[in-house]
Amino acid sequence: MSKTDDISGDELLRTLSALSNPHRLRVIAALAEGRRYVSQLAREMSMSRPLLTVHLRKLESAGLVTGSLELSEDGKAMKFYELAEFELLLTPESVARAATTLSEGTGDE
């Protein structure tokens with residue numbers, strides 16, 4: 001997913017919100033080294049699986065990571081995550097264009 005000048009206001013807010021957490025930035029950094037399954041990533045990050053899952057869902061909702069369910073050789077379900085292709089270019093002009101497309105009711109929370 002390319003997030004460039006044509007990003008909508010709602011997409012921009014979702015992306016910036018996903019990136020505004022230090023744990024999620026660390027997740028992106030870890031996944032930049034290659035795809036991981038949740039348990040492996042949780043161990044590497046010294047984070048509980050439930051908390052990591054919350055962060056991964058936020059990143060996935062923003063289109064920054066993708067998840068896929070796979071079966072191990074012993075038939076155990078394993079959820080793998082990897083980075084989606086993305087680029088975010090922020091300029092005053094791109095932010096102004098995005099702001100014109102914001103949904104009604106979108107505001108400070």
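Undergrad: Hey, could you run me through the packing of helix 3 (residues 38–45) against helix 4 (residues 49–61) in this one?
TA: Angle between the axes and distance between the axes are the two parameters that describe a pair of packed helices. Running from amino to carboxyl end, helix 3 crosses helix 4 at an angle of 105°, the nearest separation of the two axes being 9 Å. As the angle between them shows, helix 3 and helix 4 are arranged roughly perpendicular. Residue-level inspection shows V38, S39, L41, A42 and M45 of helix 3 in contact with helix 4, the latter providing R49, L52, T53 and L56. Looking at side-chain class alone, the contact of helix 3 with helix 4 contains six nonpolar, two polar and one charged residues.

Undergrad: Looking at this structure, I do not really get the nonpolar core. What am I missing?
TA: When a protein is soluble and globular, its nonpolar side chains tend to lie buried together. Within the largest apolar cluster, 17 residues are counted, with the highest numbers of intra-cluster contacts made by V27, L31, L41, L52, L56 and L59. Within the residue set of this core, elements represented by two or more residues are helix 2 (22–31), helix 3 and helix 4. Those residues in contact with L59 that lie beyond four places of it in its chain are A18, R24, V27, I28, L64 and V65.

Undergrad: Is there a simple way to explain the packing of aromatic side chains in this structure?
TA: The way to describe two aromatic rings as a pair is by their centre distance and the angle between their planes. Scanning all chains against the criterion turns up one aromatic pair. Residues Y37 and F80 carry aromatic rings whose centres are separated by 5.7 Å and whose planes lie at 65° to one another, so their mutual orientation is edge-to-face. Of this pair, Y37 sits in strand 1 (residues 36–37) while F80 sits in strand 3 (residues 77–83), and the two are 43 residues apart along the sequence. Of the residues examined, F80 reaches a relative accessible area of 14% and is grouped as buried. The ring centre of F80 lies 3.9 Å from the NZ or CZ of R35, which sits over that ring.

Cut-off values and rules
Residues numbered from 1 in each chain as written. Predicted model: local features only at pLDDT ≥ 70, side-chain atom pairs only at ≥ 80, totals over all residues. Heavy atoms only, no water. Axes fitted to C-alpha atoms, helices over the stretch in contact; angles between N-to-C directions. Helix = DSSP H or I, 4+ residues; strand = E, 2+ residues; numbered from the N terminus. Parallel < 35°, antiparallel > 145°, perpendicular 65-115°, else oblique. Contact = heavy atoms within 4.5 Å. Nonpolar A, V, L, I, M, F, W, Y, C, P; charged D, E, K, R; others polar. Core = buried A, V, L, I, M, F, W, Y, C linked by side-chain atoms within 4.5 Å. Buried < 20%, exposed > 50% of the residue type's maximum accessible area, 1.4 Å probe, protein only. Phe/Tyr/Trp six-rings, centres within 6.5 Å; stacked < 30°, edge-to-face > 60°. Lys NZ or Arg CZ within 6 Å of the ring centre and 35° of its normal.

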